[in-house]
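# Chain and residue survey
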Amino acid sequence: MPELPEVETIRRGLEQELLGRTLLDLHVKERVHLLKNCSPAQLRRALIGRRLKAVGRRGKFLIFDFERSEKQHSSLGQHSIVLHLRMSGRLLLVPAQHTRLILKFSDKTLYFDDARRFGMLYLFESALRESLPPLSELGIEPLTPAYTFGGFRALLQSKQEIKRLLLDQRKLCGLGNIYANEALFAAGIHPQRPACSLSSREARRLFEAIAAVLTRAIEAGGTSIDSYRTPQGELGRFQEEFSVYERAGKPCYRCGELIESISQGGRSSYFCPCCQTQ
């Protein structure tokens, strides 16, 4: 599933390619699974003829804000698309095999490709989108002013395993399995530690490691180990920098001990038993 670095990379690519362009047409090829709170007709009525004002992101959600063009007179307010790519969703500027949605702009076309049909699209009035689910349910987001050590420390007052807490989007949004594993290794914290057992120094290390790992991953264009591609069809490169993720049985780069893997909440956790003791 694309995590914060992949979605941010996609956001930047789409902003560069589509910002300011007018949506001329759209075609929904998969409405049953994709459209969560609107019909194709409602989507068309709200967006056709509108100019793309901004491409934003909240956690793992992409946000497309549309506004009226200068020549358009309408009583309709400004609307936004909120899109979650889920497991296999991709936004591409070229046709793909499993296209579920086509957005035709003035001189470019955007294709939403989703082999597993898990993607989710919401249509909101722009002024209300942050106050309604799913965005209203999201927790603190790293790499924003809201991400403070005090707020992060407060999240840790729980007996929940730290790895599982990091994946809870209601507490800390944007972090997924890949970057939770990498951040815990960078901070030297075992994934099964109760969150409340972390000392202030350990919490500070993890707080900083999360931001550092995410920043490095964005600089690398995200991680491509499955279907993820940038809108231009390019691969991310962060998989070349993994310290523990999917490296079970291989030596730790730091100490030489073999990386181990366990299951937590149905997800694989990778760690070094020497560098990340319980």
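Preceding this paragraph is the structure being described.
The following paragraphs examine the structure supplied in this document. (Residues numbered from 1 in each chain as written. Predicted model: local features only at pLDDT ≥ 70, side-chain atom pairs only at ≥ 80, totals over all residues. Heavy atoms only, no water.)

Mapped onto the secondary structure, N181 falls in helix α5 (residues 177-187). Excluding its chain neighbours within four sequence positions, the residues that come into contact with N181 are K163, V244, Y245, S268, S269 and Y270. (Helix = DSSP H or I, 4+ residues; strand = E, 2+ residues; numbered from the N terminus. Contact = heavy atoms within 4.5 Å.)

Bringing the nonpolar core into the picture now. Ranked by size, the top nonpolar core spans 41 residues in total, and within it F152, I162, L166, L206 and I210 carry the most contacts. Those elements that provide at least two residues to this core are α3 (149-155), α4 (162-166), α5 and α6 (200-219). If near-sequence neighbours (up to four positions away) are discounted, L206 is found in contact with Y147, F152, I162, L166, A183, L184, A187, I189 and L198. Counting 30 residues, the second largest nonpolar core, distinct from the first, contains V7, L23, L34 and F112. (Core = buried A, V, L, I, M, F, W, Y, C linked by side-chain atoms within 4.5 Å. Buried < 20%, exposed > 50% of the residue type's maximum accessible area, 1.4 Å probe, protein only.)

The next subject is helix α2 (residues 40-47). Regarding α2, the residues found buried are L43, A46 and L47. Taken around the axis of α2, the buried residues stretch over an arc of 80°, which confines them to a single face. Projecting away from the buried face of α2 at angles above 90 degrees are the exposed residues A41 and R45. In the core, the buried residues of α2 are packed alongside β1 (23-28), β2 (50-58), β3 (61-68), β4 (79-84) and β8 (120-125). Looking at the residues trailing α2, positive phi occurs at G49, about 85°. (Arc of directions from axis to C-beta.)

Everything listed here is a matter of coordinates, which is why it stays silent on function.
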